Amino acid sequence: MRVAVDIGGTFTDLQVFDARTGAVHAWKTPTTPDDPSLGLTTGLREAAERFGFALADIGLLLHGTTIATNAVLERRLARGVLLTTAGFEDVLEINRHVRRDIYGLAPDPFPTLIPRDRRLGVAERMRADGTAEQPLDEAALPALLARIDTLEAECIAVALLNSHANPAHERRLGALLAEARPRLPVSLSCDVSPEIREYERTSTTVLNALLLPVVQNYLDRLERRLGEGGFRPLIFLVQSNGGVCSLRTAAEQPARLLLSGPSGGALAAGRLAQMLARPNLVAVDMGGTSFDVSVVQNGRVSVVTQGEIDRLPVRLPMVDMRTIGAGGGSIAAVDAGGRLTVGPRSAGAKPGPVAYGRGGTEPTVTDANLALGRLDPDFFLGGMMKLDMPATRAAIEARVGTPLGLTVERAAEGVLTVTNASLGAAIRLSLFEKGLDPREFALLSFGGAGGLHATDVAAEIGISDVVFPRDPGTLSAYGILFSDLAQDLARSRLCRAEPASLPAIAESVASLSAEADARLARDGIPPAERRIELAADMRYQGQAFELLVPWGEIAAPDAAALERLVEAFHAMHRQRFSYANPGDPVEIVTLRALATGSLPKPRVAEPQPATRPARKGTRRVFEGGEWRDLPVWDRDALGPADRIEGPAVVEEPFATHWIGRGWIATLGTGGALIASHKSDAAAEG
């Protein structure tokens, strides 16, 4: 058995692959925010009982987790000390002087995770060319250690000036600290983010250091809980770049887990793009708390070299994803000015929407869908949870309808209209900032709440095809099920992208490739299953930003390969910014290597429709300004001959889909439900 787990804000999703039959089973269980490992192990036991296997049968557990993300957002971090070059202690607080609200007279200050009294200067200095201007003063170490002890440090971040060019001082200081305080976790910037840009490198290293005790404690609890079940599977954790890593890597570099869970959905989108022969997809994951947008272009998932969390830069490769606070649990309210707002506040797992009957009093997006009849109160989560319709309608009336002078139905429609506008804006921004046209993409809708909004949002932004994959409520876990080991390495070395620089470029490529291969070997990946792809951060000379340009599997770069790289940069620059300057000199700022170790892939059996009528009957749904009897379809019983014309509802155990007026849905490859706008479907026919 192979199990993939995605722990979300509201539910913990599981995908269970049974190698004996090729079957893949989906399961959901409520998340336990106080200790996510409890919800994980509960879900494993429930799935084992439901699908007929023993816990000891699980050989591989692939785990996406929000433990690092939540620790940063909720500031449940260790007490840290930052060691940096003397005179540069305030870099972390000075940051980039970015004003997000340019007209605000009192803007919110950017967060600083380590205060001034815990940022200590170290006597040393490395030049930008990697030569030492001032040697590391090892004689000052006893006084430094005494200060660290006085500050009651639980972890240490070390980010010395220009350590990306020469890490000798940083590594020596790290070795001395490890020898003197072996139980004190230390994070070195040359290990975490050995790249140019001091503030971003320091911020990333600080985040990593503060997460070390948090993630290690979680991993210890997880291993103990799994041990209680009588089994110890091989465990890999999902990273922000979409690959998985060993527990050792996760414990050493927990900052790589900051987008762990959502990246599984992007992985699934890349796989579905190939399966469905649709190379351009906008993948939208709408769960209980958030709405995540990622883009698959020409069959490749977009990746960026820097992201952020709560306005804190993270200089690590991660899936390019835009997240807004709009999920099924997003709370609807009327503000003091009489404006209807939805989110970003969420009811979360506890108490959850009013409909859950767990003490929630504020109406949510899920409540609005229930009030309009789009959700069946007796079939939520396949009937495992009964929804409270009377309480839901009362809450919408009291909190939204009465303040705005609207009926319950009109108030609920207003909640969905505001929500869909926010979702559409997030998708537009994700495409427009890359110079992409929505009309050239299909919308891939997943997450427990996504199917109720997909066709309406697609119509609003001009997308004519919507894909509802199998088991959309657990698709992120499905993507994790097919993931590979991945290691990201980087070397900042500024040089011109011209033949004269080839010796220096070749030296960096050889060093990166050798280290990448060694890391895969350490993880036990056989040579035949290793793949190393290169990329470069490039810019026109004088620019202050770079573009990440893929270079492919290059063993020894030559003039022709370099020329192709430069041409690819010009093309990418033209697409992104509508112009290119082929005559201007181009610089390579950082070379990158993505080392992939292929894990055995499950051979999933083709889904077979259930032997029962696909048409379940009708249900009263508020649509077009009145209550109507609309058809309800059983997703698991649909066959190739079935044709669903909207407005209609399609139900499956862990998701419900709304097929809007003017849309036609039919089954496609791999059991995916494809909805096309009627005018476009007629034109194709």
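Throughout, a residue's number is its position along its own chain's written sequence, starting from 1. For this predicted model, a pLDDT threshold of at least 70 governs which residues receive local features, and a threshold of 80 or more governs which side-chain atom pairs are given and counted, while totals over whole chains, interfaces and linings are taken from all residues. Computation of side-chain values covers all heavy atoms of the structure but excludes hydrogens and water.

Attention now goes to the overall build of the protein chain. In DSSP terms, a helix is any run of H or I states spanning at least four residues, a strand is any run of E spanning at least two, and both are numbered starting from the N terminus. Along the backbone of the protein chain there are 17 helices and 35 strands. Each of the three principal axes of the protein chain carries a C-alpha extent, and together these read 80 × 60 × 55 Å. The burial tally for the protein chain puts 56% of its 685 residues in the buried class. Contact definition: two residues touch when any of their heavy atoms are within 4.5 Å. For the protein chain, contacts bridging at least 24 residues in sequence account for 67% of all contacts bridging at least 6. With the model as given, the accessible surface of the protein chain reaches about 27800 Å², and the carbon-plus-sulfur share is 51%. Note on exposure labels: buried denotes an accessible area under 20% of the residue type's maximum, exposed denotes more than 50%, and partly exposed covers the range between, all computed with a 1.4 Å probe on protein chains only. Accessible surface is estimated by sampling points in the Shrake-Rupley manner with a 1.4 Å probe; for residues, cover comes only from the protein chains shown.

Bringing the state of the cysteines into the picture now. Here, a disulfide means two cysteine sulfur atoms that sit within 2.5 Å of each other. Under the counting rule described, the total for this entry stands at 0 disulfides. You can see C190 has no disulfide; the closest cysteine sulfur is in C155, sitting 17 Å from it. Judged by its relative accessible area of 9%, C190 falls in the buried class.

On to the packing of helix α4 (residues 141-150) against helix α5 (residues 168-180), then. Axis definition: a line fit to C-alpha positions, over the contact stretch in the case of helices; interaxial angles, taken between N-to-C directions, run 0 to 180 degrees. Orientation of α4 relative to α5, taken along the N-to-C sense of each, is 60 degrees, at an axis distance of 12 Å. Put simply, α4 runs oblique to α5. Where α4 crosses over α5, the handedness of that crossing is right-handed. The segment α4 lies against α5, with L141, L145 and I148 engaging L173, L176, L177 and A180. For classification purposes, angles smaller than 35 degrees are called roughly parallel, those larger than 145 roughly antiparallel, those between 65 and 115 roughly perpendicular, and all remaining angles oblique. In a left-handed crossing the near helix is turned counterclockwise from the far helix by less than a right angle, and in a right-handed crossing that turn is clockwise.

A pair of strands is considered paired only if DSSP assigns at least 2 bridges between the two. A sheet is described by the order of its strands in space; here 4 strands give the open sequence β6-β5-β9-β10, paired in parallel fashion. Only two strands of the sheet have a single neighbouring strand rather than two, namely β6 (119-122) and β10 (186-188). Looking at each pair of strands side by side, their axes are set apart by 20 degrees on average, direction ignored. Here strand β5 (residues 80-85) pairs with strand β9 (residues 155-159) via 5 bridges, running parallel.

Now for the pattern of salt bridges. Salt bridges are defined by distance alone: a side-chain nitrogen of Lys or Arg within 4 Å of a carboxyl oxygen of Asp or Glu. Within the structure shown, the criterion is met by 49 salt bridges. One salt bridge connects R315 with D537, and the closest N-O pair in it is separated by 3.8 Å. Highlighted residues: R315 in the loop between β18 (312-314) and β19 (318-319) and D537 in strand β26 (residues 530-540), separated in sequence by 222 residues. Each member of the pair R315 and D537 is classed as buried. If you follow the salt bridges from partner to partner, you end up with E195, R197, R315, D537, R539, E546, E587 and R592 in one network.

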